[in-house]
Amino acid sequence: DDYQEGSWTPQLTDGTNTNTTNRSNNLGEYVKIGKVVFISCTVATSAIGSLSGQIWCDGLPFTVSNANPNLGFAVVGGSGGGMGLTAGYNITGNFNANTTQIAIYTWDVSTSTSGMQASEWGAGNTQMTFAGHYWI
């Protein structure tokens, strides 16, 4: 009996700073059914701003649960001339427990996985699209 639809504003953060150069097409939508939230969003920037180190997508409409299974999944796609990834890398994400954040990871066959760095996002017009679900 618990159904809700709405929008939210995704943004990049490094845990201290929030990107203030977001382009106007940063859009997020969600559907909440009971304890499960389905999201989709686009995060776009025209510059990286003051972000440094590891970055996350922040602003989920509800806090991610700490109980298992809580992480769901996030499918990520990135584009733009500014993307600073090395050829052959892939991008993934997962929902961080007890936060409103999606952790963004880069994957490489030879070096495994690591949190996406601001330098990998790129300095120019860059965007990512996320879709997934999580428990609250």
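Just above, that's the structure.
Residues numbered from 1 in each chain as written. Predicted model: local features only at pLDDT ≥ 70, side-chain atom pairs only at ≥ 80, totals over all residues. Heavy atoms only, no water.

A. A look at the overall build of the protein. When helices and strands are counted, the protein shows one helix and 10 strands. Starting at the N terminus, the α and β elements of the protein follow one another as β-β-β-β-β-β-β-β-β-α-β. Looking at the protein residue by residue over its 136 residues, the buried ones come to 41%. Here the contacts in the protein between residues at least 6 apart in sequence split such that 70% fall between residues at least 24 apart. Approximately 6600 Å² of the protein is accessible, and the part contributed by carbon and sulfur atoms is 51%. (Helix = DSSP H or I, 4+ residues; strand = E, 2+ residues; numbered from the N terminus. Buried < 20%, exposed > 50% of the residue type's maximum accessible area, 1.4 Å probe, protein only. Contact = heavy atoms within 4.5 Å. Areas by Shrake-Rupley, 256 points an atom, 1.4 Å probe, with all protein chains shown as cover.)

B. Looking closely at the environment of Thr 63. In this fold, Thr 63 is placed in the loop between strand E5 (56-58) and strand E6 (73-79). Judged by relative accessible area, Thr 63 falls into the partly exposed class, the value being 43%. For the pair Thr 63 and Asn 98, spaced 35 residues apart in the sequence, the C-alpha separation amounts to 5.9 Å. Each residue touching Thr 63, except ones within four places of it in the same chain, is listed here: Asn 98, Thr 99, Thr 100, Tyr 134, Trp 135 and Ile 136.

C. Representation of the nonpolar core within the structure. Counting 24 residues, the largest nonpolar core has Leu 12, Ile 39, Leu 60, Trp 121, Phe 130 and Tyr 134 as the members making the most contacts within it. No other element matches strand E4 (residues 36-45), which puts four residues into this core. (Core = buried A, V, L, I, M, F, W, Y, C linked by side-chain atoms within 4.5 Å.)

D. Focus on a nonpolar patch on the surface. Together, Tyr 3, Ile 33 and Phe 38 make up a nonpolar patch on the protein surface, roughly 310 Å² of accessible area in all. Along the polypeptide, Tyr 3 turns up in strand E1 (residues 3-8). (Patch = residues over 30% accessible without salt bridge, like charges linked within 9 Å, V, L, I, M, F, W, Y side chains within 5 Å. Salt bridge = Lys/Arg side-chain N within 4 Å of Asp/Glu carboxyl O.)

E. Structural context of the packing of aromatic side chains. Summed over the entire model, instances satisfying the criterion amount to two aromatic pairs. Summarising the aromatic geometry, the rings of Tyr 30 and Phe 62 are spaced 5.4 Å apart at their centres and angled 90 degrees between planes, so their arrangement reads as edge-to-face. Residue Tyr 30 is located in strand E3 (residues 27-33), and its partner Phe 62 is located in the loop between E5 and E6; the two are separated by 32 residues in the primary sequence. When sorted by exposure, Tyr 30 lands in the same class as Phe 62, which is buried. An angle of 35 degrees between the planes, with centres 4.9 Å apart, marks the rings of Phe 95 and Tyr 134 as tilted. Residue Phe 95 is found in strand E7 (residues 90-95), and its partner Tyr 134 is found in strand E10 (residues 126-135); the two are separated by 39 residues along the sequence. Look at Tyr 134 and you get buried, because its relative accessible area is 0%. (Phe/Tyr/Trp six-rings, centres within 6.5 Å; stacked < 30°, edge-to-face > 60°.)

F. Main features of the pattern of salt bridges. Evaluation of the coordinates by the stated rule reveals one salt bridge. Here Lys 32 and Asp 2 are joined by a salt bridge, their closest N and O atoms 2.3 Å apart. Taken together, the residues span a long stretch of sequence, with Lys 32 in strand E3 and Asp 2 in the segment before E1 at a distance of 30 residues. By relative accessible area, Lys 32 is classed as buried at 7%.

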